[in-house]
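# Inside the fold
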Amino acid sequence: MFRKSIIILLLVCITVSFNACGVGDYEYIISNGFRIVRVNSERIVLSAEKCIYEFTTKNGNKGLTSCAVENYINEFCYNEQYIAVKQFDPEKLDFENFESNDFSNPAYYLVDAVSTNIYGPYKSQEEFDFACKELNVVGLGEWISTRSNPKK
């Protein structure tokens, strides 16, 4: 009996430790296989389930990814066809003292969830608004923060 209790206790401890990994991480499903994914506290991306995008690293190497827009995504909004995100360079963010970061100058991206085209980066709200007007993008809704799980 004592041996059974020890085994059960060990199994409970193992289960709890595995479930504690990634506390606060989430996926927010948008449409057509696109989702906002909080990989960890320093990496929030717009991922595409059915798409592969080519990327180039800072040192010129090429690769493939399912991320339509890499981290760090601070806010997003969307409608039936388009997803807009505000993205910041994670190398310029202080994750130890997060509240001290300046989030006033994001790079804006617009992703067509139907054609999978990515537009941007736009360096200002004005450039982003102009692109939305040119593409006839309306009804994106309010910006949604990625700081906590933006449950539907």
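Now for a look at the structure at hand.

### Here's the deal with the pattern of salt bridges
Counted according to the given criterion, the structure contains five salt bridges. The shortest N-O distance in the salt bridge between aspartate 25 and arginine 38 comes to 2.7 Å. Of this pair, aspartate 25 sits in the loop between helix H1 (2-20) and strand E1 (26-29) while arginine 38 sits in strand E2 (residues 34-40), and the two are 13 residues apart along the sequence. Between arginine 43 and glutamate 70 there is a salt bridge whose closest N-O contact spans 3.1 Å. On the criterion of sequence distance, the pair formed by arginine 43 in strand E3 (residues 43-48) and glutamate 70 in the loop between strand E6 (67-69) and strand E7 (73-78) is long-range, its members being 27 residues apart.

### Things to note about the layout of surface pockets
The computed volume of the second largest pocket comes to approximately 170 Å³. In terms of residue class, the lining of the second largest pocket is built from two nonpolar, three polar and three charged.

### A few points about the sheet that holds E1
Read from one edge to the other, the open sheet built from four strands follows the order E1-E2-E3-E6, with strand pairing classed as antiparallel. Two strands close off the open sheet at either side, each with one partner strand: E1 and E6. Put simply, the sheet's adjacent strands are angled 35° from each other on average, direction ignored. Relative to E3, E2 runs antiparallel, the two being bridged by six bridges. Counted as the bridge partner of isoleucine 36 is leucine 46 from E3.

### Describing the nonpolar core
Grouped burial of nonpolar side chains is what soluble globular proteins tend to show. Ranked by internal contacts, the top residues of the largest apolar core, which has 23 residues, are Phe34, Ile36, Leu46, Ile83 and Val85. If you look at the next biggest cluster of nonpolar residues, it comprises 11 residues, including Leu110, Tyr122, Cys132 and Val137.

Rules used in this analysis
- Residues numbered from 1 in each chain as written.
- Predicted model: local features only at pLDDT ≥ 70, side-chain atom pairs only at ≥ 80, totals over all residues.
- Heavy atoms only, no water.
- Salt bridge = Lys/Arg side-chain N within 4 Å of Asp/Glu carboxyl O.
- Helix = DSSP H or I, 4+ residues; strand = E, 2+ residues; numbered from the N terminus.
- 1 Å grid on protein atoms, 1.4 Å probe; cavity = no way out; pocket = protein on both sides within 12 Å on 5 of 7 lines; lining within 4 Å.
- Points joined across faces, edges and corners; volume = space filled by probe spheres on them.
- Nonpolar A, V, L, I, M, F, W, Y, C, P; charged D, E, K, R; others polar.
- Pairing = 2+ DSSP bridges.
- Axes fitted to C-alpha atoms, helices over the stretch in contact; angles between N-to-C directions.
- Core = buried A, V, L, I, M, F, W, Y, C linked by side-chain atoms within 4.5 Å.
- Buried < 20%, exposed > 50% of the residue type's maximum accessible area, 1.4 Å probe, protein only.

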